[in-house]
Amino acid sequence: MTVTLEASDGVGTIRLDRPPMNALDVATQDRLRELAEEATRRDDVRAVVLYGGEKVFAAGADIKEMQAMDHAAMVVRSKALQDSFTAVARIPKPVVAAVTGYALGGGCELALCADFRIAADNAKLGQPEIMLGLIPGAGGTQRLARLVGPSKAKDLIFTGLHVKAEEALTIGLVDRVVPAAEVYEQAHAWAARLAKGPALALRAAKESIDAGLETDIDTGLTIERNWFAGLFATEDRERGMRSFVEEGPGKAKFL
């Protein structure tokens, strides 16, 4: 399998495994969608880590495979490509990308689907599709601009330049830079901490933020209000408030 899902301690690791560079061919894209949907369904997966291994996250699409596709073939395939990445972005649980080595093209776009990105100090990220006479096609023009702003996104996409980890941190493309040997450990620790939290409240927070960013402030506040009120029907809310009153803040344990 080019992509696997393994769960432990409430954390599901979606691991890319297509040596040497984890090129995202059609089979890998489809498998990624399947496992994102599985992670969404599984009760034993309460948070997710995206990981490509110790040496590389993903160096982009399989260019040889794409070269053989004409316009008609890509009209069909491009929707499936975007759907695979959107399935990852819509996992209703906290998702962290553990970025080692190269995260280029589709690899960078996959990292953009996470809620949080931890990068190795030797990582390089970028959208070099312009060098192929193309533009990003798996969400890069949309998610990158929303994350780092339109001007910086245009700079990266227009030039195709790679950015090193520290610059990626400066512009907000990644959220933390750590020694390469610690990337997965720290990503798993981040996910494991959130896996112990109230699952429905975390889902509500994620969906409120993500949906609110796509609409006007009044609609966003309505989304927030509906989720906020709805959480008063949950056991987690009862448990959290009871613990606060009886034991003090920050001591609640959620199932």
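Preceding this paragraph is the structure being described.
Residues numbered from 1 in each chain as written. Predicted model: local features only at pLDDT ≥ 70, side-chain atom pairs only at ≥ 80, totals over all residues. Heavy atoms only, no water.

1. A word on the pattern of salt bridges
- Summed over all chains, the structure comprises 17 salt bridges.
- The partner of Lys79 in a salt bridge is Asp83, and the shortest N-O contact between them spans 3.0 Å. One end of the pair is Lys79 and the other is Asp83, both in helix 3 (residues 71-89) and four residues apart, which spans about a single turn.
- Classification of Asp83 as partly exposed rests on a relative accessible area of 32%.
- Put simply, Glu167 and Lys152 hold a salt bridge, and the shortest N to O gap is 3.8 Å. Of the two residues, Glu167 is situated in helix 7 (residues 165-171) and Lys152 in helix 6 (residues 150-159); the sequence distance between them amounts to 15 residues. (Salt bridge = Lys/Arg side-chain N within 4 Å of Asp/Glu carboxyl O. Helix = DSSP H or I, 4+ residues; strand = E, 2+ residues; numbered from the N terminus. Buried < 20%, exposed > 50% of the residue type's maximum accessible area, 1.4 Å probe, protein only.)

2. Some words on helix 11 (residues 235-247)
- In this model helix 11 runs 17 Å from its N-terminal to its C-terminal C-alpha over 13 residues, within 8% of the 18 Å that 1.5 Å per residue would give.
- Within the sequence span of helix 11, burial applies to Asp236, Arg239 and Ser243. Across the axial projection of helix 11, the buried residues extend over an arc of 65 degrees, all falling on one side. The exposed residues of helix 11 that point more than 90 degrees off its buried face are Phe244 and Val245.
- Considering only its buried residues, helix 11 is in contact with helix 9 (199-213). (Expected span 1.5 Å × (residues − 1). Arc of directions from axis to C-beta. Contact = heavy atoms within 4.5 Å.)

3. What about the packing of helix 9 against helix 10 (residues 217-230)?
- Look at helix 9 against helix 10: their axes get within 9 Å of each other, and the N-to-C directions meet at 170 degrees. Overall, the two elements helix 9 and helix 10 adopt an arrangement that is roughly antiparallel. Facing Leu200, Arg203, Ala204, Glu207, Ser208, Ala211 and Gly212 of helix 9, the residues of helix 10 in contact are Gly220, Ile223, Glu224 and Trp227.
- Of the residues contributing to the contact of helix 9 with helix 10, the split by class is five nonpolar, three polar and three charged. (Axes fitted to C-alpha atoms, helices over the stretch in contact; angles between N-to-C directions. Parallel < 35°, antiparallel > 145°, perpendicular 65-115°, else oblique. Nonpolar A, V, L, I, M, F, W, Y, C, P; charged D, E, K, R; others polar.)

4. As for a negative patch on the surface
- A cluster of acidic residues, Asp121, Glu166, Glu182 and Glu185, forms a negative patch on the protein surface.
- Within the secondary structure, Glu185 is located in helix 8 (residues 183-195). (Patch = residues over 30% accessible without salt bridge, like charges linked within 9 Å, V, L, I, M, F, W, Y side chains within 5 Å. Areas by Shrake-Rupley, 256 points an atom, 1.4 Å probe, with all protein chains shown as cover. Lys, Arg positive; Asp, Glu negative; His and termini not counted. Charge placed at Lys NZ, Arg CZ, Asp CG, Glu CD.)

5. Quick word on unusual backbone geometry
- Cis geometry marks the peptide bond from Pro19 to Pro20, where omega comes out at 5 degrees.
- Its place among the elements puts Pro20 in the loop between strand 2 (11-16) and helix 1 (26-41).
- Located in the positive-phi region is Asp9, a residue other than glycine, with phi close to 55 degrees.
- Among the structural elements, Asp9 can be located in the loop between strand 1 (3-8) and strand 2.
- In this structure Asp9 comes out as exposed when scored by relative accessible area, which is 69%.
- Not every positive phi belongs to a glycine, and Asn22 is a case in point at roughly 55 degrees.

6. Comments concerning the nonpolar core
- Formed by 44 residues in total, the largest nonpolar core has its most connected members in Leu50, Phe57, Val99 and Leu125.
- For this core, the element with the highest residue contribution is helix 3, accounting for five residues.
- If we skip the residues at most four places from it in the chain, Val99 touches Phe57, Ala111, Ile118, Ala119, Ala120, Ala123, Leu125 and Val183.
- Membership of the second largest hydrophobic core comes to 17 residues, among which are Val49, Phe116, Ala120 and Val178. (Core = buried A, V, L, I, M, F, W, Y, C linked by side-chain atoms within 4.5 Å.)

7. A few points about the sheet that holds strand 6 (residues 116-120)
- Pairing in this open sheet of six strands is mixed, and the strands run 1-2-3-4-6-9 from one edge to the other. Of all strands in the sheet, those bounded by a partner on one side alone are strand 1 and strand 9 (176-178). Each strand axis lies, on average, 20 degrees off the axis of its neighbour in the sheet, ignoring direction.
- With three bridges connecting them, strand 6 and strand 9 associate as parallel partners. If you follow Ala120 over to strand 9, its bridge partner there is Val178.
- The strands that helix 1 touches are strand 1, strand 2 and strand 3 (47-51); relative to strand 1, the one it contacts most, it runs at about 20 degrees. (Pairing = 2+ DSSP bridges.)

8. Here's the deal with the sheet that holds strand 7 (residues 124-126)
- Ordered by their spatial adjacency, three strands build an open sheet running 5-7-8, and the pairing between neighbours is mixed. The sheet is open, and its two borders are formed by strand 5 (102-104) and strand 8 (162-164), each paired with just one other strand. Within the sheet, the average angular offset between the axes of one strand and its neighbour, ignoring direction, is 20 degrees.
- Both strand 7 and strand 8 contribute to a ladder of three bridges, which runs antiparallel. Each bridged residue has a counterpart across the sheet, and for Lys124 the counterpart in strand 8 is Lys164.

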